[in-house]
Amino acid sequence: MKWLFGILLMLLTTAGLQAQRIRTIVPQQPVVVGNAFQVQYVINEPADIAGYKTPYFEGMSIVSGPNTYKGTVWEEGKSRQIENVAYTLVPISTGKLKLSGLVINLRNGSEEKGPDATVQVVSKAPASFMSQSSYTDVNLYAPSDREDLEKLISENLFIKASVDRTSCYLGEPVVATFTLYSRLQSTSEVINAPSLYGFGVMDMLSTKEAHQAIKTVGNKVFNTSVLRKLQLFPEQTGVLTIDPMQLQNTIEFDDPENKGTKRVIEKLLVSQALNISVKPLPSAKPDDYTGAVGRFEISASLSPGKESTGEGRLVVRVTGRGNFSQFAPPQINWPKGLEVFEPEINDTLDKGLSPVQGSREYSYRFVASKAATYPIPAVYFSYFDPAAGSYRTGRTNALSFTSGAAAPKTRLVSLEEEKNDTGGQWKWVIPAFAAMAILLYFIYRKKPGKAGKTPTSPPALPSYAERIQSIDTSGAAGKKTCLDIQRIITEFMKQHPGLSDADRQLVQSLHKDCELFIYSSVEAEGEKQALKKRAYELMQKLEA
């Protein structure tokens, strides 16, 4: 009987699957080399943290950080403390660059490391601009040999950098414009775009087109080309510098001594550097403040879902003018009993305006655990209004979702989800195993044996890989196959809590992909078989 009770003990012993302690958040869109961006590390329950280790950032220079922000989030009616550690970085090389996870030092002397991430860094877009003025004196096209060409060029060809303000709040946009003024026949090409350390950058015009106009300066008429027009969002306080732009110019003159030929002069133009004084925001921030600067409104609605199956979708919309690229999603106090997925984010923005105007939608899909009515409290969104010099808070209306049916009971909790209530899932397990033990005991006692011989040993238990291989997929829906795989790998994780981080991530990735298949509306036989094969090979590797 020892083997029987050994089985029961093995199956009933659990090691809780912990939610991920540290999250790494980086931009999902490509980053332009030389432009600043921010990486954030969000730490759950930071009370036992003694300090941090600066991560390794491949091909990056650190402009600012670590900057820490403490806050509270609400999930299923419960509050949870978080700490946000942010670094402002500038990539100095292109490619897919690695950002290491944050390592935190705990008060008990141990360490924990968050997941690594990557960003795609792309080159600056080239831009060429042609200017041939018809407003200049003909003498400028065919100067005499006595003419001072250097002086003539400097008076009739130059680049000017300007900003709409030299002082602003953190996160308040500054518009920087680089304009070429020319009265000469010249071709100008940007060879060194300005460095913009400490700013988030948004191009207001296409960098591959020349935006031309005619302007009068004094009594002279110039052709102008706007080389770049940028909306800059300061990401740190103090004095930030907009470095010069450099242009290589090829200027042509008619040669008065050799009719029909040209004299070509090469000239480097450099704009002046500009300083911006960035003021910090007032210290008395609202608890739900996530970095928004401008003027905003917030609304929320429940889009048509599958109420009969317990599925719904909450759409939260932030509209207005401001730094859409710098604030985080609003905090939502979700009621207990709703499983909520990461939001889909959709922007409708007019980048030609300053501040940027438009809207951002956060679309949250959720699933109810039982048939009931779930109240969704009002969602608050705080922002700093630079015109008023104070914080303001908007709110949505409270909503409610009525589920006509419970979500599927067979679904396992994701390995990355925190188990707040694990008692209910074992209510059927203990009676079932007790009944199985009694049945096996009586079967074992009644089994006839031969005198003088001891009972034979029980057969060896199948390995986890063999159990995966034995899953019968013939005629079975892909969702059932994935549920069986999840059940086996979850049991494996409980029995092997000492897996390395790399192996644990492999198991979690498989579990996630199974979960996505379960909740998709597609039944793909190839995908089902591929997940089974992947699970079998992974279990073989981990059990070796």
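Bear in mind the structure is a predicted one, so any value in this text is a computation, not a measurement.

**Some words on the sheet that holds strand β19 (residues 238-242)**
Sheet strands pair by backbone hydrogen bonding; their relative direction is either parallel or antiparallel.
Moving on, step 1. Reading across the sheet, the three strands line up as β13-β22-β19 and stay open at both edges, with mixed pairing between neighbours. Two strands in the sheet have a free side with no partner beyond their single neighbour: β13 (167-169) and β19. When the angles between neighbouring strand axes are averaged without regard to direction, this sheet yields 35°.
Moving on, step 2. Bridging between β19 and strand β22 (residues 274-279) involves five bridges; their strand directions are antiparallel. Within β22, the residue paired with Gly238 across the bridge is Val278.

**Overview of the sheet that holds strand β7 (residues 95-99)**
Moving on, step 1. Pairing is mixed in the open sheet, where three strands are placed in the order β2-β10-β7. At either end of the open sheet lies a strand with only one pairing partner, and these are β2 (31-32) and β7.
Moving on, step 2. The pairing of β2 with strand β10 (residues 117-122) spans two bridges and is classified as parallel. The partner of Val31 across the bridge, within β10, is Val121.

**Comments concerning the nonpolar core**
Moving on, step 1. Of all hydrophobic cores here, the largest spans 28 residues; its most connected members are Phe178, Leu227, Ile242 and Leu247.
Moving on, step 2. For this core, the element with the highest residue contribution is strand β14 (residues 174-182), accounting for four residues.
Moving on, step 3. Discounting chain neighbours no more than four positions away, the residues touching Leu247 are Ile159, Leu180, Ser188, Glu189, Val190, Ile191, Leu227, Lys267, Leu268 and Leu269.
Moving on, step 4. Residues Ile298, Val318, Phe324 and Phe381 belong to the second largest nonpolar core, which totals 25 residues.

**Overview of the packing of aromatic side chains**
Moving on, step 1. Under the defined criterion, the tally for this structure stands at 18 aromatic pairs.
Moving on, step 2. Arranged with centres 4.8 Å apart and planes meeting at 70°, the rings of Tyr169 and Phe384 form a pair that is edge-to-face. On the criterion of sequence distance, the pair formed by Tyr169 in strand β13 and Phe384 in strand β29 (residues 380-385) is long-range, its members being 215 residues apart. Take Tyr169 and Phe384: they sit in the same class, and that class is buried.
Moving on, step 3. On the numbers, 5.7 Å between centres and 75° between planes, the contact of Phe296 with Tyr383 is edge-to-face. One end of the pair, Phe296, is in strand β23 (residues 294-306); the other, Tyr383, is in strand β29, and 87 residues separate them in sequence. Accessibility classification places Phe296 together with Tyr383 in one group, the buried group.

**Some points on the environment of Gly404**
Moving on, step 1. Its place among the elements puts Gly404 in the loop between β31 (399-402) and α3 (429-446).
Moving on, step 2. Relative accessible area serves as the criterion here: at 56%, Gly404 is assigned to the exposed category.
Moving on, step 3. Taking the C-alpha atoms as reference, Gly404 lies 8.8 Å from Thr373; in sequence the two are 31 residues apart.

**Here we look at a nonpolar patch on the surface**
Moving on, step 1. Among the surface-exposed residues, Ile191, Leu268 and Val270 lie close enough to one another that they form a single nonpolar patch of about 250 Å² accessible area.
Moving on, step 2. When you line up the elements, Val270 lands in strand β21 (residues 262-270).

**Comments concerning the pairing of strand β8 (residues 103-106)**
Moving on, step 1. Relative to β8, strand β4 (residues 49-53) is paired through four bridges, and the arrangement is antiparallel. Looking at the pairing, Gly51 lines up with Asn105 of β8.
Moving on, step 2. Relative to strand β9 (residues 111-113), β8 runs antiparallel, the two being bridged by three bridges. Looking across to β9, one finds that Ile104 is bridged to Glu112.
Moving on, step 3. Between β8 and β9, which pair antiparallel one after the other, the connecting turn spans four residues, and Gly109 there sits at a positive phi close to 95°.

What counts and what doesn't
- Residues numbered from 1 in each chain as written.
- Predicted model: local features only at pLDDT ≥ 70, side-chain atom pairs only at ≥ 80, totals over all residues.
- Heavy atoms only, no water.
- Pairing = 2+ DSSP bridges.
- Helix = DSSP H or I, 4+ residues; strand = E, 2+ residues; numbered from the N terminus.
- Axes fitted to C-alpha atoms, helices over the stretch in contact; angles between N-to-C directions.
- Core = buried A, V, L, I, M, F, W, Y, C linked by side-chain atoms within 4.5 Å.
- Buried < 20%, exposed > 50% of the residue type's maximum accessible area, 1.4 Å probe, protein only.
- Contact = heavy atoms within 4.5 Å.
- Phe/Tyr/Trp six-rings, centres within 6.5 Å; stacked < 30°, edge-to-face > 60°.
- Patch = residues over 30% accessible without salt bridge, like charges linked within 9 Å, V, L, I, M, F, W, Y side chains within 5 Å.
- Areas by Shrake-Rupley, 256 points an atom, 1.4 Å probe, with all protein chains shown as cover.
- Salt bridge = Lys/Arg side-chain N within 4 Å of Asp/Glu carboxyl O.

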